[in-house]
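Results of the structural survey
One-letter residues, chain by chain:
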Amino acid sequence: MMHIHHGMIDSAAPCVCTSLRKASRAVTRVYDERLARHGMTTTQFAVLRHLVRHGPLSLSRLAELLVMDRTSLYRTLGPIERQGWIAIEQGQGRAKQAALTAAGRSAMKAAETDWGACQTDLVTAIGPTQWEALALQLQALVETARGKAD
């Protein structure tokens, strides 16, 4: 249990950042293992999934949606562009945009079953109600952190 005394959190309490990073690395490892046979990582899957949902996106908008800095996004895009899963095209003005290709759509379709099985396993393990609550808390945390960074 965390104790707050005069507006200060107990310094022995777990660090929010460290705790989230540990959880993120552990969960990412599980998804990466499931997606490995499709030649993609969880991060690459997330990029493709966003392009399926939103259509072509400017790289800055894609980075924003994924809560990634642009440098990390560019490192992620290189391999999936070489695979032929996305095309980087000229967008409006000087902006570049990413678009899903037919090969990318096929790669997503092939990987969705393994991604879905992993998702089901993890949600079942923690409980659907707990996952729903956690997902809302994580979204609130992202919004809070973004507000603090701006």
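Above this text sits the structure in question.
This report concerns the structure included in the present document. Everything numeric in this text was worked out from a predicted model, so none of it was measured. (Residues numbered from 1 in each chain as written. Predicted model: local features only at pLDDT ≥ 70, side-chain atom pairs only at ≥ 80, totals over all residues. Heavy atoms only, no water.)

Structural notes on the packing of helix α2 (residues 42-54) against helix α3 (residues 59-66)
In contact at an axis separation of 11 Å, α2 and α3 are set at 110° when each is read in the N-to-C sense. Classified by the angle their axes make, α2 and α3 are roughly perpendicular. As α2 packs across α3, the resulting crossing turns out to be right-handed. Mapping the contact onto sequence places Ala 46, Val 47, His 50 and His 54 in α2 and Leu 62, Leu 65 and Leu 66 in α3. A per-class count over the contact of α2 with α3 returns 5 nonpolar, 2 polar and no charged. (Axes fitted to C-alpha atoms, helices over the stretch in contact; angles between N-to-C directions. Helix = DSSP H or I, 4+ residues; strand = E, 2+ residues; numbered from the N terminus. Parallel < 35°, antiparallel > 145°, perpendicular 65-115°, else oblique. Left-handed = near helix turned anticlockwise from the far one by under 90°. Contact = heavy atoms within 4.5 Å. Nonpolar A, V, L, I, M, F, W, Y, C, P; charged D, E, K, R; others polar.)

Regarding the state of the cysteines
Scanning all chains against the criterion turns up 0 disulfides. Here Cys 17 is not cross-linked by a disulfide; its sulfur's nearest cysteine counterpart is in Cys 15, at 5.3 Å. What makes Cys 17 partly exposed here is its relative accessible area of 46%. (Disulfide = S-S within 2.5 Å. Buried < 20%, exposed > 50% of the residue type's maximum accessible area, 1.4 Å probe, protein only.)

As for a nonpolar patch on the surface
On the surface, Val 16, Leu 20, Ile 126, Trp 131, Leu 134, Leu 138 and Leu 141 cluster together into a nonpolar patch covering about 530 Å² of accessible area. Of all the secondary structure elements, the ones that give two or more residues to the nonpolar patch are α1 (16-35) and α6 (128-149). With respect to the helices and strands, the residue Leu 20 is situated in helix α1. Leu 20 gets classed as partly exposed once you look at its relative accessible area, which sits at 36%. (Patch = residues over 30% accessible without salt bridge, like charges linked within 9 Å, V, L, I, M, F, W, Y side chains within 5 Å. Areas by Shrake-Rupley, 256 points an atom, 1.4 Å probe, with all protein chains shown as cover. Salt bridge = Lys/Arg side-chain N within 4 Å of Asp/Glu carboxyl O.)

Brief notes about the packing of aromatic side chains
Throughout the structure, instances matching the rule amount to 2 aromatic pairs. On the numbers, 6.4 Å between centres and 40° between planes, the contact of Tyr 31 with Trp 115 is tilted. Here Tyr 31, found in helix α1, pairs with Trp 115, found in helix α5 (residues 102-126); they are 84 residues apart in sequence, far enough to count as distant. Each member of the pair Tyr 31 and Trp 115 is classed as buried. Judged by centre distance (5.6 Å) and plane angle (15°), the rings of Phe 45 and Trp 115 are stacked. Separated by 70 residues along the polypeptide, Phe 45 in helix α2 and Trp 115 in helix α5 bring together distant segments of the chain. Pair check on accessibility: Phe 45 and Trp 115 agree, each one buried. Put simply, the rings of Tyr 31, Phe 45 and Trp 115 pair up and form one aromatic cluster. (Phe/Tyr/Trp six-rings, centres within 6.5 Å; stacked < 30°, edge-to-face > 60°.)

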